[in-house]
Amino acid sequence: MNCYKMANTRFQEIGVDTEKVLARLDKIALSLHCWQGDDVAGFENAGALDGGLAVTGNHPGRARNGNELRADLDFAFTLIPGPKRVNLHAIYAEPSGKKKPGRDELTADDFAPFMDWAADRRIGLDFNPTFFAHPMAASGMTLSSPDKAVRKYWIRHGIACRKIAEAFGKRLKNCCITNFWIPDGYKDIAADRMAPRKRLIESLDEIFAEKIDQKCNRDSLESKLFGIGSESYVTGSHEFYMGYALSRGKMICLDSGHFHPTESIADKISSLMLFSNELMLHVSRGVRWDSDHAVILNDELRAIAEEVVRHQLDNKVHIGLDYFDGSINRIAAWAIGARATRLALLTAMLAPAKALAEMEKKGDFTGRLVTMETMKTMPVQAVWNEYCRRAGVPTDGEWLEMIRSYEKKTLAERK
Ligand code: RNT
Ligand code: ZN
């Protein structure tokens, strides 16, 4: 008997149908962040990354333009099972004319190569205005800046981005999610912690006043605890966006690296989903700080997946990856994180959720803990390999060689 058949029988014994699980798993799309492919450089030749973001490592073969980035994504897709989306940032515009548009002048045409590419592959795109790595963001403040001209510039950028996202959604017949993250904050102790937040409310309200077709684009807002250079104060804190997003009918975006190091976003999901219809996640991995390490199958990721799966939030919690590691093969970083995230979802789906909840309700905490421990050695890998095989992608242990040969054939040429 093959491994999958044995696993199927074993899971049946605990009341789980692996075929149903595989069908359910295959309906969840993961949004792959384009910026892992080029260390968040973008195509503007803007110079150094800032906004408190930092990429370390100089592994050879970074994508230097749209074609290289799309080729790398295509290759990554051959390593990642299941439905995918791609998450773009405004700095990935590829304007065709001689005159480069300002970020406040960008239009959907500037993203034609990515739109065509996504249409060919029948995948959806997500989007992000880029409020960093730009002279108008040099003060460390954008939408909450005390300088009206600065605020206005970024408001125009926000509006332009939502229109671009709307065009993505329309063209691809696949609703885009536009995520707003701003770097605004202070390195040192703030004298007035409220004024920037008031300005941020006004700026956001102005951006969202622009009517956009909800079927084509919806917005999320991402908080942060601190960044490099904004250690003492961040305008867009978690509490700020909780209040703002919930009062404006917008989505909150929880980034797993944006909280205290021992604070997990997994436990926030059940609370937020009682007050909101949808949620965006940026799955990342902080090591000591918001270091954006490649996501791996750790307890945190498993806990996040369990929350999504146990509460049947498959269509309501949108999962995007967000990290940038330049010290390892960048395509492998995509594959490691995306495979781990899907494997975490599969693992969660293979657990006897109903039985666990029943035990808990009855106060059988012994049974609950024993069952959870038993799950750790159940033959998940056999089901995972079967899923990969059916999706036509390599199983664990098979894809490293593919990475190595792409590195030799394609990345080595990029000098
Ligand atoms: C920054 C946020 C944000 C960015 C991307 C590039 O701390 O996590 O999501 O990583 O927009
Ligand atoms: Zn993020």
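That block above? That's the structure.
Report follows, based on the coordinates. (Residues numbered from 1 in each chain as written. Chains lettered and ligands numbered in written order. Predicted model: local features only at pLDDT ≥ 70, side-chain atom pairs only at ≥ 80, totals over all residues. Heavy atoms only, no water.)

1. Things to note about the pattern of salt bridges
The test is simple: Any carboxyl oxygen of Asp or Glu that lies within 4 Å of a side-chain nitrogen of Lys or Arg is treated as forming a salt bridge with it. A run of DSSP states H or I qualifies as a helix once it reaches four residues; a run of E qualifies as a strand once it reaches two. Both are numbered from the N-terminal end. With a 1.4 Å probe rolled over the protein chains alone, any residue whose accessible area is under 20% of its type maximum counts as buried; one over 50% counts as exposed, and the rest are partly exposed.
This model, assessed by the stated rule, comprises 29 salt bridges. Of the charged contacts, one joins Glu 19 and Arg 390 as a salt bridge, the two residues approaching to 2.7 Å between their closest N and O atoms. Separated by 371 residues along the polypeptide, Glu 19 in helix 2 (residues 18–25) and Arg 390 in helix 13 (residues 380–391) bring together distant segments of the chain. For Arg 390, a relative accessible area of 46% corresponds to the partly exposed category. For Lys 376, the salt bridge is made with Glu 373, and the minimal N-O distance between the two is 2.7 Å. Judged by relative accessible area, Lys 376 falls into the exposed class, the value being 53%.

2. Thoughts on unusual backbone geometry
As a rule of thumb, non-glycine residues mostly have phi less than zero, and peptide bonds are mostly trans rather than cis. One non-glycine residue with positive phi stands out, namely Arg 122, at about 55 degrees. The phi angle at Gln 312 is positive, at roughly 55 degrees, despite the residue not being glycine. Note that Gln 312 resides in the loop between helix 9 (299–310) and strand 12 (317–321). Note on Gln 312: relative accessible area 57%, which makes it exposed.

3. Examining the site of ligand 1
To be explicit about the condition: Near residues are defined by distance, with any heavy atom within 4 Å of the molecule or strand qualifying the residue. Pairing of N or O atoms within 3.5 Å defines a polar contact, subject to two protein rules: one partner must be a possible hydrogen donor and the other a possible acceptor, and residues neighboring in sequence count only if both atoms are side-chain atoms. Here the open area of atoms and residues is found with the Shrake-Rupley method and a 1.4 Å probe, where only the protein chains shown may cover a residue. Charged residues are taken to be Asp, Glu, Lys and Arg, nonpolar residues to be Ala, Val, Leu, Ile, Met, Phe, Trp, Tyr, Cys and Pro, and polar residues to be all remaining types, Gly included.
Residues in close proximity to ligand 1 include Trp 35, Leu 53, His 89, Trp 181, Glu 222, Lys 224, Asp 255, His 258, His 282, Asp 290, Asp 322 and Phe 324, which together make up its full environment. Asp 255 is positioned such that a nitrogen or oxygen atom in its side chain is 3.0 Å from an oxygen atom of ligand 1. Here Asp 322 contributes a side-chain N or O atom positioned 2.8 Å from an oxygen atom of ligand 1. If ligand 1 stood free it would expose 310 Å²; the protein chains cover 100% of that surface. Along the lines of polarity and charge, the residues of the shell around ligand 1 split into four nonpolar, three polar and five charged.

4. Here we look at helix 2
The following threshold applies: The arc in question is the one traced by the directions running from the helix axis out to the C-beta atoms. Residue contacts follow a heavy-atom distance rule, with two residues in contact if any of their heavy atoms lie within 4.5 Å.
Turning to helix 2, its buried residues are Thr 18, Val 21, Leu 22 and Leu 25. Down the axis of helix 2, the smallest arc covering the buried residues is 100 degrees, so these residues share one side. Packing partners of the buried residues in helix 2 comprise helix 1 (3–13), helix 10 (330–349) and helix 13. In this structure Asp 17 caps helix 2, since a side-chain oxygen of it lies 2.9 Å from the backbone nitrogen of Glu 19.

5. Structural notes on the coordination of the zinc ion (ligand 2)
Inclusion rule: Metal donors: N, O and S atoms at distances within 2.8 Å, or within 3.2 Å for Na, K and Ca, with water omitted from the atom set so that some sites may seem incomplete. Under this scheme a four-donor centre is tetrahedral when all angles range from 85 to 135 degrees, a four-donor centre is square planar and a six-donor centre octahedral when opposite donors are above 155 degrees with the rest from 65 to 115, and any other centre is irregular.
Here the zinc ion (ligand 2) is held by Glu 222 (OE), Asp 255 (OD), His 282 (ND1) and Asp 322 (OD), and the distances to it run 2.0 to 2.2 Å. For the zinc ion (ligand 2), the six donor atoms in the first shell make angles of 71 to 171 degrees at the metal, a pattern classed as octahedral.

6. Looking at the packing of aromatic side chains
Cut-off, in case you're wondering: Note on ring pairs: Phe, Tyr and Trp rings are taken, using the six-membered ring of Trp, and paired if centres are within 6.5 Å. Classes follow the plane angle, with under 30 degrees stacked, over 60 edge-to-face and the rest tilted. By definition, being over a ring means that NZ of Lys or CZ of Arg is both within 6 Å of the ring centre and within 35 degrees of the ring normal.
One pass over the structure, following the stated rule, counts 17 aromatic pairs. Here Phe 240 and Tyr 241 contribute two aromatic rings whose centre-to-centre distance is 5.2 Å and whose plane-to-plane angle is 80 degrees, an arrangement assigned as edge-to-face. Overall, Phe 240 belongs to the buried group, its relative accessible area being 10%. The class of Tyr 241 is buried, set by a relative accessible area of 2%. Each residue in the set Phe 131, Tyr 153, Trp 154, Phe 180, Phe 208, Phe 240, Tyr 241 and Tyr 244 is aromatic and connected to the rest through ring pairs, giving one cluster. Here the basic side chain of Arg 70 rests over the ring of Phe 114, its NZ or CZ set 4.7 Å away from the ring centre. The positively charged end of Lys 84 is found above the aromatic ring belonging to Phe 77, 5.5 Å away from the centroid.

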